[in-house]
Amino acid sequence: MYEKNTLSECEMVTMRCVWNLGKDATAFNVINMLDEDYGLVYKETTVYTFLTKLKEKGFLDTVRNGVTYYIPRISEKEYLKKAAKQYLDFWFHGNVAAAVKEIMEGEKLSRKDAKSIREALRTCTGDGAAPATNHPQPVPQNLLM
């Protein structure tokens with residue numbers, strides 16, 4: 001289901017700047033980061049509009065101490081999880097396997113990535129056992145004597 005508290009692309013990159021800046025998230029610092037890290041050059045008033053909309057949507061709080069500081073009301077990890085869930089529900093009707101298959105189609109995994117995915121699957125399913133394979137397991141040497 002689509003929620004009205006989703007972020008536009010401009011708001012998303014603005015939030016990423018706020019998350020990355022931490023306690024130093026002022027409009028001035030966000031403007032600089034947008035330019036330096038993302039190559040996005042916006043007028044000051046445009047960035048103020050993004051920040052105001054983010055506050056109205058409940059993503060930011062402000063504290064005034066000479067200048068206005070922007071404080072996230074949701075962590076980047078929380079937002080990513082929420083956004084991924086919305087994407088999964090909307091495009092794949094909650095079917096994780098279908099989403100992974102679509103994302104991975106035509107991709108080549110490194111051994112490191114494949115191992116990481118297997119470990120994540122074991123964690124998610126609560127299965128501490130090694131994944132089943134169609135290959136016979138070697139007989140331990142001490143049983144051969």
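Preceding this paragraph is the structure being described.
Predicted model only: the values in this text are computed from it and were never measured.

Rules and cut-offs
Residues numbered from 1 in each chain as written. Predicted model: local features only at pLDDT ≥ 70, side-chain atom pairs only at ≥ 80, totals over all residues. Heavy atoms only, no water. Helix = DSSP H or I, 4+ residues; strand = E, 2+ residues; numbered from the N terminus. Buried < 20%, exposed > 50% of the residue type's maximum accessible area, 1.4 Å probe, protein only. Phe/Tyr/Trp six-rings, centres within 6.5 Å; stacked < 30°, edge-to-face > 60°. Salt bridge = Lys/Arg side-chain N within 4 Å of Asp/Glu carboxyl O. Core = buried A, V, L, I, M, F, W, Y, C linked by side-chain atoms within 4.5 Å. Contact = heavy atoms within 4.5 Å.

## Some words on unusual backbone geometry
Note on backbone geometry: most residues besides glycine have negative phi, and most peptide bonds are trans.
Then, number 1: Here His93, not a glycine, exhibits a phi torsion of approximately 50°, which is positive.
Then, number 2: Note that His93 resides in the loop between helix H4 (76–92) and helix H5 (96–104).
Then, number 3: Taking relative accessible area as the criterion, His93 reaches 72% and is therefore assigned exposed.

## A look at the packing of aromatic side chains
Then, number 1: With the rule as written, the count across this model stands at six aromatic pairs.
Then, number 2: Pairing Trp19 with Tyr79 gives two aromatic rings, centres 6.0 Å apart and planes at 35°, and the pair type is tilted. In this pair, Trp19 is assigned in helix H1 (residues 9–21) and Tyr79 in helix H4, connecting sequence segments 60 residues apart.
Then, number 3: Among the residues examined, Trp19 registers a relative accessible area of 16% and is labelled buried.
Then, number 4: Overall, the relative accessible area of 9% leaves Tyr79 in the buried class.
Then, number 5: Between the aromatic rings of Tyr87 and Trp91, the centroid separation amounts to 6.5 Å while the plane-to-plane angle is 50°, which identifies the pairing as tilted. Here Trp91 and Tyr87 lie together in helix H4, a separation of four residues that amounts to about one turn.
Then, number 6: Tyr87 gets classed as partly exposed once you look at its relative accessible area, which sits at 47%.
Then, number 7: Three or more aromatic residues joined by ring pairs form one cluster here, namely Tyr87, Phe90, Trp91 and Phe92.

## What to know about the side chain of Thr6
Then, number 1: You can see Thr6 is positioned in the segment before H1.
Then, number 2: Residue classification places Thr6 among the buried positions, given a relative accessible area of 17%.

## Here we look at the pattern of salt bridges
Then, number 1: Considering all chains together, one arrives at five salt bridges under this definition.
Then, number 2: The partner of Lys57 in a salt bridge is Glu11, with the nearest N and O atoms 2.7 Å apart. You can see Lys57 sitting in the loop between helix H3 (44–56) and strand E1 (60–65) and its partner Glu11 sitting in helix H1, a full 46 residues away along the chain.
Then, number 3: Residue class for Lys57 comes out partly exposed when judged on its relative accessible area of 23%.

## Side note on the nonpolar core
Then, number 1: Met15, Val18, Val30, Leu51, Phe59, Leu60 and Tyr70 are the most contacted members of the largest nonpolar core, which has 20 residues in total.
Then, number 2: The dominant element in this core, judged by the number of residues it contributes, is H1, at six residues.
Then, number 3: Contacts of Met15, omitting those with residues within four sequence positions, involve Leu7, Leu54, Phe59, Leu60 and Pro72.

From the geometry alone we can't say anything about function, so treat these as descriptive.
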